[in-house]
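# Results of the structural survey
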Amino acid sequence: MKKLLLFTLTILSFSVFSQYCTTSGPTSTADSNVKKVRIIGVGDSISYNYTCPGIIGLQNLTNLSTTVNAGSTYNLQVQYGTCGGNYIGYGQVWIDFDQSQTFDPWESVGTWNGTPPVAITNHNFSIPMNAQNGPTRMRVIQHEGANQTFPLDPCASFTWGSAMDFTINIQNGIDCSAYPGDEMADAIPVTTLPFIDTRNSSFCYSNQNYVYNSPDVYYALNPNPMMNSITASLCGSSFDTFLSVVDATGNVIAYNDDDPSCGNQSALTFSTSTLGLCYLVVEGWGASAGDYTLTINASYLGLEEETTELLKIYPNPAKSNLTIEGLEGQLTIFAINGEKVMDAAIFNKTTLDISQLISGFYTLSFVANSMQFTKKLTIE
Ligand SMILES: [Ca+2]
Ligand SMILES: [Ca+2]
Ligand SMILES: [Ca+2]
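These figures come from a predicted structure and were not determined experimentally.

## A short note on the nonpolar core
By size, the foremost hydrophobic cluster in this structure holds 31 residues, and its most contacted members are Y219, L243, V245, L268, L280 and V282. Elements with a contribution of two residues or more to this core: β13 (188–190), β15 (217–221), β16 (227–233), β17 (241–247), β18 (252–256), β19 (267–271), β20 (278–284) and β21 (291–300). Within the second largest apolar cluster, 26 residues are counted, among which are V68, I141, L152 and M164.

## Some points on the pairing of strand β3 (residues 32–40)
Summarising the sheet, β3 and strand β6 (residues 73–82) pair through 7 bridges and their orientation is antiparallel. Bridge pairing links V37 to V78 in β6. Between β3 and strand β4 (residues 45–49), which pair antiparallel in sequence order, lie 4 residues; one of them, G43, sits at a positive phi of approximately 80°.

## Remarks on the domain arrangement of the protein chain
Segmenting the protein chain into domains produces domain 1 (25–171), domain 2 (179–300) and domain 3 (305–379). Across the boundary between the two partners, domain 2 contributes 5 residues, which contact 5 residues of domain 3.

## Considerations on the environment of N60
With respect to the helices and strands, N60 occurs in strand β5 (residues 59–69). Exposure remark for N60: the 14 C-beta atoms within 10 Å place this residue in the partly exposed category. C-alpha separation for the pair N60 and R139, spaced 79 residues apart in sequence, amounts to 9.7 Å.

## As for the sheet that holds strand β7 (residues 89–95)
Ordered by their spatial adjacency, 5 strands build an open sheet running β5-β12-β10-β7-β8, and the pairing between neighbours is mixed. Strands with a single pairing partner mark the edges of an open sheet, and in this sheet they are β5 and β8 (108–114). Across the sheet, the mean angle separating the axes of adjacent strands is 20° when strand polarity is ignored. Note: β7 against strand β10 (residues 134–144), 7 bridges, orientation antiparallel.

## Comments concerning the confidence of the model for the protein chain
Any region with low pLDDT has predicted coordinates that should not be read closely. For the protein chain, per-residue confidence averages 88 on the pLDDT scale, and 91% of positions sit at 70 or higher. Counting interchain partners and residues more than four positions distant, the pLDDT-below-50 stretch residues 1–17 has 29 contacts.

## A closer look at the sheet that holds β16
Here we have 4 strands laid out as an open sheet, ordered β14-β21-β16-β19, and antiparallel in their pairing. Of all the strands in the sheet, the pair left with one neighbour each is β14 (195–200) and β19. Between one strand and the next, the sheet's axes are offset by a mean angle of 15°, whatever the strand orientation. Direction of pairing for β14 relative to β21: antiparallel, over a ladder of 6 bridges. Residue pairing for β21: N200 is matched across the bridge by D291.

How each quantity is defined
Residues numbered from 1 in each chain as written. Chains lettered and ligands numbered in written order. Predicted model: local features only at pLDDT ≥ 70, side-chain atom pairs only at ≥ 80, totals over all residues. Core = buried A, V, L, I, M, F, W, Y, C linked by C-beta atoms within 7 Å. Buried ≥ 20, exposed ≤ 12 C-beta atoms within 10 Å, placed from the backbone. Helix = DSSP H or I, 4+ residues; strand = E, 2+ residues; numbered from the N terminus. Pairing = 2+ DSSP bridges. Domains from an automatic or database assignment. Contact = placed C-beta atoms within 7 Å. Axes fitted to C-alpha atoms, helices over the stretch in contact; angles between N-to-C directions. pLDDT = per-residue confidence, 0-100.

And the structure:
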């Protein structure tokens with residue numbers, strides 16, 4: 001028995017797309033303030049000198065940038081200082097190596113605590129081999145106040161100090177251009193079913209925050225009108241998964257956390273009868289990520305024997321007219337390529353003019369008595 005939940009929600013009720021927190025920084029221009037930030041990269045450098053009074057809030061200095069190589073070691077110089085009185089404080093610097101738009105504890109490149117005036121602090125650090133290529137942010141925080149613990153909160157708002165963002169261009173790290181699907185606009189197309197895709201979400205994928213903070217991967221599929229439902233499964237993946245289906249405007253069609261058939265991995269089935277382009281979103285419970293296998297299968301509109309026993313369709317093969325008897329409902333005729341060629345309401349006995357339809361094989365899709373089923377038709 002599959003756990004299937006169908007409901008409608010907007011993306012906004014889950015969360016908005018993630019971005020760098022900009023709430024951090026001081027509320028006062030006085031006292032503790034970063035005086036200098038210097039780093040020499042490959043062929044360029046950042047050299048920032050302070051001004052007083054200090055700046056309220058997060059200083060966006062991302063126009064200042066330097067280039068670094070993954071695997072290499074660099075010296076970052078920060079002078080933690082003041083624009084007024086000298087008070088004890090703490091400092092920390094992070095680089096968002098994985099471009100997740102969050103400054104995680106493992107991305108810290110230096111810490112400091114003391115009471116200005118102090119000499120320049122040398123933060124020596126290495127760029128991880130698995131840092132993601134391209135521009136990312138370095139955040140420098142000086143937070144005045146005693147008895148703090150590391151890691152500091154890179155998003156904290158406080159009274160005195162500094163918070164500033166610079167740009168670091170990483171090269172010779174991981175090239176994520178070969179990892180599509182990080183965002184809806186870049187979704188991996190599902191063009192044939194059954195579909196199977198194996199990948200790892202723990203690098204090159206970031207969080208667009210549907211449900212959890214884990215990295216998420218998007219797949220786009222456009223159900224064929226012959227389909228009745230689609231089943232997607234992450235069973236056999238290496239981590240605690242979460243799977244969602246959203247339509248093109250972001251309404252959640254279905255989701256599953258744990259499918260009873262495969263522990264804490266996810267599987268779900270959703271109806272495609274009124275669904276156009278939709279997206280499957282693979283993510284992890286909490287911050288979980290790792291190797292996964294996504295399989296997607298469709299079930300197709302089938303025969304409902306009890307109803308179709310009463311149904312008469314003649315002649316078949318047909319030429320210019322087609323009579324349908326014994327059923328009231330809605331008929332849609334699809335060509336063999338899935339294209340809809342005719343819609344008609346049918347009553348107890350209805351004769352349709354099909355003389356415009358070219359010779360070939362067609363599928364008649366009936367919706368009657370809350371059931372959906374198909375019949376084959378040949379036109380000569
Ligand atoms: Ca990060
Ligand atoms: Ca993503
Ligand atoms: Ca789960």
